[in-house]
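Structural overview
Residue strings, one per chain:
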Amino acid sequence: MAKPKWEASLTTAKAKAKKEKKLILMDFYNKL
Amino acid sequence: MEKSFVPLQIDFNKNKALVNRFSVKWTPTIIVLDVNGDEHHRFVGFLPPEDFIGQMVLGNGKAEFNLEHFEQAIQCFQELLVRYPKTDAAPEAQYYLGVAKYKASHDPKELKSNLEILQREYPSSEWSKKAQVYALIPG
C-alpha cells in the first residue's frame, strides 16, 4: 500500500476534502 | 485511507492554535472532520492496524450519520461489521447501525432488533447497555 501524502495545513485539507468530497483525518503527533 | 479521507498531520509542539482549538492533550490524537472542520469522531493512542482502520471506518460512518446521510452511514457501519467485527469499534458501529436504520426508515423495530444483535454479539459492551432501553419498544 502506498504511503499517504499528509497535508500540513487545515485550510488546504478542507479545500481538498471539499473538492474531492472526502472527510479529513487529522493526526496530532509529537516527536518524543 | 485516501479513498475516503484527506490525511492531515499536525505537529503538537508547533501548532498550538489547532491544539487549543481541538483541546488536544495527548498524542497521537486522531480526529475525523468534515469539510467545514466540524468534528465527528476522535480517538487517542496508538492502535494496531486493524483497530486503527476500524476507528477510521467508524468515524466515516459517524460523520455520514451526523450529516444525515443515513444510507451512506449504514454502508460504513456494515462494512466495519463485516471486515473488522472483532475490533473495539465494532459494538459502537452495531449501535449506530440500528440508529441509522431507524432514522432512515422511522421504524422503531430497527432499534429493538438491533438490541438483540448487540446482546448476542457484544454482551459486555457499553453499547449493549445503552441500547437496553429499546427492549421497551412494543412488537
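Anything mentioned here points back to the structure above.
Residues numbered from 1 in each chain as written. Chains lettered and ligands numbered in written order. Predicted model: local features only at pLDDT ≥ 70, side-chain atom pairs only at ≥ 80, totals over all residues.

Side note on the overall build of chain A
Note the cut-off: Comment: elements are numbered from the N terminus, with helices defined as DSSP H or I runs of at least four residues and strands as E runs of at least two. We call a residue exposed when 12 or fewer other C-beta atoms sit within 10 Å of its C-beta, buried when the count reaches 20 or more, and partly exposed for counts in between; the C-beta positions come from the backbone.
When you go through chain A residue by residue, the secondary structure sums to one helix and one strand. For the C-alpha atoms alone, the extent of chain A along its principal axes is close to 35 × 25 × 10 Å. Of all 32 residues assigned to chain A, the portion counted as buried reaches 25%.

Some details on the interface of chain B and chain A
Put simply, the test is: We call two residues in contact whenever the C-beta atoms placed from their backbones are within 7 Å. Asp, Glu, Lys and Arg are counted as charged, while Ala, Val, Leu, Ile, Met, Phe, Trp, Tyr, Cys and Pro are counted as nonpolar; the rest, among them Gly, fall into the polar class. DSSP bridges decide pairing: two strands pair if at least two such bridges lie between them.
Facing the 28 residues of chain B at the interface are 20 residues of chain A. Secondary-structure elements contributing two or more residues to the side of chain B that touches chain A are β1 (5-11), α1 (16-21), β2 (29-33) and α2 (49-66) of chain B. By residue number, the principal contributor to the side of chain B that touches chain A is β1(B), which donates seven residues. Considered class by class, the residues forming the side of chain B that touches chain A number 18 nonpolar, seven polar and three charged. Of the strand pairs in this sheet, strand β1 (residues 23-29) of chain A and β2(B) are connected by five bridges, and their pairing is antiparallel. The residue of β2(B) that forms the bridge with A:L25 is B:V32.

A closer look at the pairing of β1(A)
A large share of β1(A) lies buried, amounting to five of its seven residues. As defined by bridge partners, β1(A) adjoins β1(B) across seven bridges and the pair is classed as parallel. Paired with A:M26 across the strands is B:L8, a residue of β1(B).

Brief notes about the packing of α2(B) against helix α3 (residues 70-83) of chain B
All names here are of chain B. Stated formally: Inter-axis angles, ranging from 0 to 180 degrees, are taken between N-to-C directions of lines fitted to C-alpha atoms, where helices are fitted over the stretch in contact. By the definition adopted for this analysis, an angle is roughly parallel if under 35 degrees, roughly antiparallel if over 145, roughly perpendicular if from 65 to 115, and oblique otherwise. In this scheme the crossing of two helices becomes right-handed for a clockwise turn of the near helix relative to the far one and left-handed for an anticlockwise turn of less than a right angle.
It is at 7 Å that the axes of α2 and α3 come closest, and there the two elements cross at 165°. Considered as vectors, α2 and α3 are oriented roughly antiparallel to each other. Between α2 and α3 lies a crossing of left-handed hand. Residue-level inspection shows G54, V57, L58, N60, G61, E64 and F65 of α2 in contact with α3, the latter providing F70, Q72, A73, C76, F77, E79 and L80. Its residues assigned to classes, the contact of α2 with α3 shows eight nonpolar, four polar and two charged.

Remarks on unusual backbone geometry
All names here are of chain B. P28 follows T27 through a cis peptide bond whose omega is -10°. When you line up the elements, P28 lands in the loop between α1 and β2. In this structure, E68 is a non-glycine residue whose phi angle is positive, near 65°. Along the chain, the position of E68 falls in the loop between α2 and α3. Phi angles above zero are rare outside glycine, and H106 is one such case at about 60°. Among the secondary structure elements, H106 is positioned in the loop between α4 (90-105) and α5 (109-121).

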